[in-house]
Amino acid sequence: MDADTHGLPPVELRAVFGFNGSVRSGLSVHPDGEHLIYPLGSTVVLRTIKDGRQELLQGHTSDVSCVSVSRSGSLIASGQVDCMGFKAVIIIWDYPQRRSSAQLLLHEAKVEALDFSPDEKYLVGVVVWNVETRQAVCGSAASGRSTSPCLTVRYSNTNSNLFVTAGSSALRVWELDPLNRKIQPTECQTGILKRAVECIEISEDDEFVFCGTTSGDIMKFNLKTRRLSDYGPKRFSSVSALRTLKGGHLLVGSGCGKLMLCSASSFQALKEAQLEKAVTSIALSGEGQQFFVGTEAAQMYGFRSEDFRAELISSSHRSAVKDVAICFGTSELFATCSEEDIRVWHIDKPKELLRITVPNMTCNALDFMSDGHSIISAWNDGKVRVFAPESGRLVLIIHDAHNTGVTAIAGTRNCKRIISGGGKGMVRVWELQPKGHRLLETMKEHRGAVTCIKIKSDDKECVSASSDGACIIWDLVRFVSLKMVITTRLFRAVCYHPDIYQIITSGTDRKVVYWDAYDGSAIRELEGLLTGSINAMDISQSGTHFVTGGDDKLVKVWDYMEGAVTHVGMAHGGSITGIKLCSNSSTLISTSADGAVVLWRFPHSPAS
């Protein structure tokens, strides 16, 4: 947290939507049977199974790449990914205290996988760590001298001096000699089979090791002899997740999204279910009568073994959220967009209500028309698409709205016009008609992509911000520019003050600037953050407060007249990309580059 915001009261967190489903074995069930544990950006999320309440473990500086929970559940370990040439940190969390108890720094660039020993004395990644002393037990890496990196690791269920690692061309069983600080590897014999192993599971009695491969089959090794005893038929595009059950069966997840219950002896399928995208995690609860599955589509499902029926318990964006919009007046619905789709959510009962997908296209921005009857959206194929928010039905397409993609969009209060901005800096005004639309005017003074458009409440003016360092106020009656603000900054966001004839801007210079809309002069500059960019901003209906979010991952609530931060929200694990206040100023919604959507309780009353 920045020094100037330290000690400020927090913004109350209501809900977090998000799950990094691309992390292999990222979803876990805590041994207490009451919490799900999973990564989201640089955050580890603890979510109660019963009511969905969330707690956040924050301490990583970049995306979490793996998560492991100790057998008793008292410890959680998480590793992160970092830039080449930098050390990637491992954090050991004290679960009862919900805080970091140690940071381990030895891995290069990325921590691929972690696992605790059954007695919780050791933690293995690339090296073996003593959990109590926080020291590496041995100097040699668990990947050995092979050029094949260790991609997955699994500790023995009964022996704290034995673990198994696998990568793209090697499967090894390691024996730890803690007295001499050494580990000794043994290559498993695969015969003529050459496979890249994606996941490992060890039977409860430590007799067999099951390996899921990218080729789509399962290899079964005897852990004592280190020899291949059997392998299964290629039923999948790849085997991406494995778990053994008490009855001797296997839960198998595939790269094509299929989840199967298979016999551990013959690998014959007994039950199956089809999910969205690749299965990356299977987490057992208790004896395995209930289990949870995470997929690459950032979906979490709950299963019961008796009926093997999937229940969707959480859905979220799997890539950066580009924009957020709230339905004006009702404050019940909001919408978000990312590379794949537009999603409509309910605020009071936080869940996804509708998903709108345009294949192979990216939605750059969106807005609700003020009557709530349509969602207008800007797409990278140069089209403006209008959808019905109840059904997702495509109502209208404006073809060739901008030939280098539509980058910003807004609708007038009277619901008769759409203002769009494009990649080449053009601002266009479209009139909506009963049976179509027509172009009213093209306004061209920007030299770079339009990043934000806001319309004044009387629909007679709008302001556009651009990557060219210009912010322009346009007359929507005569279609001419009224004022232009030019700086060296790249503008990310702009807002009209609802009562005073002023605009506020933010961008790459880390400042919030108040401007006089009459003469374009700067009135006030505020330091918004220490490093990075302020990417998003919104102002309350009363104009007494505004909110910002940026690369520091903090939501900041400001007093407009004082120019000071009153509250700070910490929940995001990635750069904040969008932020909106609902019309009654009760709920604040922010989105980020890790796919998260966060709901906050706005700390000020509408009248204050």
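None of these values were measured; they are calculated from a predicted model.

Caption draft 1: Geometry of the overall build of the protein chain. Of regular secondary structure, the protein chain possesses zero helices and 56 strands. What you see for the protein chain is a C-alpha radius of gyration of 27 Å, in line with the 25 Å of a compact globule of 608 residues. Across the 608 residues that make up the protein chain, the buried fraction comes to 59%. The contacts in the protein chain between residues at least 6 apart in sequence include a share of 43% that link residues at least 24 apart. Total accessible area on the protein chain stands at roughly 24600 Å², and carbon and sulfur atoms take up 48% of it.

Caption draft 2: The arrangement of unusual backbone geometry in detail. Not every positive phi belongs to a glycine, and F308 is a case in point at roughly 55°. With respect to the helices and strands, the residue F308 is situated in the loop between β28 (300–304) and β29 (311–314). When its relative accessible area of 6% is taken as the criterion, F308 is described as buried. In the Ramachandran plot, N360 falls in the positive-phi region, its phi being about 65° despite a non-glycine side chain. Structurally, N360 is set in the loop between β33 (351–357) and β34 (363–368). For N360, a relative accessible area of 77% puts it in the exposed group.

Caption draft 3: View of the domain arrangement of the protein chain. According to the domain assignment, the protein chain consists of domain 1 (197–315) and domain 2 (323–601). Between the C-alpha centres of domain 1 and domain 2 there is a distance of 44 Å.

Caption draft 4: Main features of the pattern of salt bridges. Per the stated rule, a full pass over the model turns up 23 salt bridges. Salt-bridge contacts for E201 lead to R243; the nearest nitrogen and oxygen are separated by 3.3 Å. Of this pair, E201 sits in strand β18 (residues 197–202) while R243 sits in strand β22 (residues 239–244); the two residues are 42 residues apart in sequence, bridging distant segments of the chain. Each of the two residues, E201 as well as R243, counts as buried. Residue R355 pairs with E352 through a salt bridge whose shortest N-O separation is 2.9 Å. Each of E276, D341, R343, E352 and R355 takes part in salt bridges that share partners, so that together they form one network.

Caption draft 5: Quick peek at the nonpolar core. In this structure, L27, L36, Y38, V547, L588 and W600 are the most contacted members of the largest nonpolar core, which totals 25 residues. Listed by contribution, the elements that provide at least two residues to this core are β3 (35–40), β52 (554–559), β54 (576–581) and β56 (597–601). Three or more residues apiece are contributed to this core by two domains, here domain 1 (197–315) and domain 2 (323–601).

Caption draft 6: Inspection of the sheet that holds strand β42 (residues 450–455) at higher detail. Taking strand neighbours across the sheet as the criterion, the four strands line up as β42-β43-β44-β45 in an open arrangement whose pairing is antiparallel. Edge positions in the sheet fall to β42 and β45 (480–486), since each of these pairs with one other strand and no more. Each strand of the sheet is rotated relative to its neighbour by a mean of 20°, with strand direction disregarded. Where strand β43 (residues 461–466) lies against strand β44 (residues 470–475), five bridges are found, and the strand directions are antiparallel. By the bridge assignment, A465 is partnered in β44 with C471.

Caption draft 7: Summary view of the sheet that holds strand β31 (residues 333–337). Taken together, four strands build an open sheet; the order of strands is β30-β31-β32-β33 and the sheet is antiparallel. Either end of the sheet is taken by a strand with one partner, and the two such strands are β30 (323–326) and β33. The sheet shows a mean angle of 20° between the axes of neighbouring strands, direction not considered.

Caption draft 8: View of the pairing of strand β16 (residues 171–177). Among the seven residues that make up β16, five are buried, leaving the element largely enclosed by the rest of the structure. With five bridges joining them, strand β15 (residues 162–166) and β16 adopt antiparallel strand pairing. Each bridged residue has a counterpart across the sheet, and for L162 the counterpart in β16 is E175. Remark: four residues form the turn of the hairpin made by β15 and β16, two consecutive strands paired antiparallel. Sheet topology places β16 next to strand β17 (residues 182–187); six bridges connect them, and they run antiparallel. Looking across to β17, one finds that L176 is bridged to I183. A loop of four residues connects β16 with β17, the two strands running antiparallel in sequence, and R181 in this loop sits at a positive phi of about 55°.

Scoring rules and cut-offs
- Residues numbered from 1 in each chain as written.
- Predicted model: local features only at pLDDT ≥ 70, side-chain atom pairs only at ≥ 80, totals over all residues.
- Heavy atoms only, no water.
- Helix = DSSP H or I, 4+ residues; strand = E, 2+ residues; numbered from the N terminus.
- Rg over C-alpha atoms; globule rule 2.2 N^0.38 Å.
- Buried < 20%, exposed > 50% of the residue type's maximum accessible area, 1.4 Å probe, protein only.
- Contact = heavy atoms within 4.5 Å.
- Areas by Shrake-Rupley, 256 points an atom, 1.4 Å probe, with all protein chains shown as cover.
- Domains from an automatic or database assignment.
- Salt bridge = Lys/Arg side-chain N within 4 Å of Asp/Glu carboxyl O.
- Core = buried A, V, L, I, M, F, W, Y, C linked by side-chain atoms within 4.5 Å.
- Pairing = 2+ DSSP bridges.
- Axes fitted to C-alpha atoms, helices over the stretch in contact; angles between N-to-C directions.

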